[in-house]
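# An overview of the molecular structure
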Amino acid sequence: MPTARQALLDAALRALDDGPWRTVRMVDVATLAGVSRQTLYNEFGTKGGLAGALLRRAADGYLAGVDRALTAPAPDRPAAVALWTVRAARQDALVKALLTGHWAEGLPRPDRRPGSRGRTGVRPPPAPGELLALVRDRMAAVSPEETAGRCEIALRLALSCVIVPVPGDDATDSRALHLVREASRTAGTRQAGAGQAGTGQAGTGRAGLSGPSRTAGGRSPR
């Protein structure tokens, strides 16, 4: 059975489905949840506190999905996270806004002013750059072979499909997967090439130790 807090957040989402956030009334949310207005105010303090908790739950839900996607086999993790990101943003307007920073008309917005937690103690949801960094760090932690840069490339490609989707849900998903896999393949090829170049340079260095070449000025080239 959901707690009063969970019931209120669910009710707030239902109220948001029926109209823009500015028209949502606290009394209506309490009625939908089947609790008193006093319970609602005890939990969230203000309508702004309720909005912040709603956005925080959306961010936490998205990150939980990222963690599930990262249970995929190692080579598929960037693509799995990209696909989850595209689908989560498509299914939840709050997640899309949190990822892109574009707040469509009628959505609640985060209050990032100092001291905005109020008596509820709910921290504001992460800004888009902070959310991307959280996901990138999660990806890098479970896949040490993936550099932070490669993880970020996968995320930014997914976000490009969120912002400018290909017509049709399946087409957008396929496009996101194609872009991420191509980018991962290209990055892997470049990384392997850099490793081989480094090996070659190291070999040259070892040869140089046994018979260093000199410039006209008598000093080894740097």
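Above this text sits the structure in question.
Structural notes, computed from the coordinates. (Residues numbered from 1 in each chain as written. Predicted model: local features only at pLDDT ≥ 70, side-chain atom pairs only at ≥ 80, totals over all residues. Heavy atoms only, no water.)

Two numbers describe how helix α7 (residues 128-142) lies on helix α8 (residues 148-163): the axes approach to 9 Å, and their chain directions differ by 130°. Classified by the interaxial angle, the pair formed by α7 and α8 is oblique. For the pair α7 and α8, the sense of crossing is right-handed. Facing α7, whose interface residues are L132, V135, R136, M139 and A140, α8 presents A148, C151, E152, A154, L155, R156 and L159. For the contact of α7 with α8, the residue count by class is 9 nonpolar, no polar and 3 charged. (Axes fitted to C-alpha atoms, helices over the stretch in contact; angles between N-to-C directions. Helix = DSSP H or I, 4+ residues; strand = E, 2+ residues; numbered from the N terminus. Parallel < 35°, antiparallel > 145°, perpendicular 65-115°, else oblique. Left-handed = near helix turned anticlockwise from the far one by under 90°. Contact = heavy atoms within 4.5 Å. Nonpolar A, V, L, I, M, F, W, Y, C, P; charged D, E, K, R; others polar.)

Enumeration according to the criterion identifies 12 salt bridges in this entry. D28 serves as the salt-bridge partner of R25, at 3.0 Å between the closest nitrogen and oxygen. By relative accessible area, D28 is classed as partly exposed at 31%. Across the pair R87 and D173 runs a salt bridge whose closest N-O atoms are separated by 3.1 Å. In this pair, R87 is assigned in helix α5 (residues 77-91) and D173 in helix α9 (residues 169-210), connecting sequence segments 86 residues apart. (Salt bridge = Lys/Arg side-chain N within 4 Å of Asp/Glu carboxyl O. Buried < 20%, exposed > 50% of the residue type's maximum accessible area, 1.4 Å probe, protein only.)

Our focus in this paragraph is the environment of A33. Tracing the backbone through its elements, the reader meets A33 in helix α2 (residues 26-33). Judged by its relative accessible area of 19%, A33 is buried. Considered as a pair, A33 and L9 are 24 residues apart in the sequence and their alpha carbons are 8.4 Å apart. Discounting chain neighbours no more than four positions away, the residues touching A33 are A7, L8, A11 and R14.

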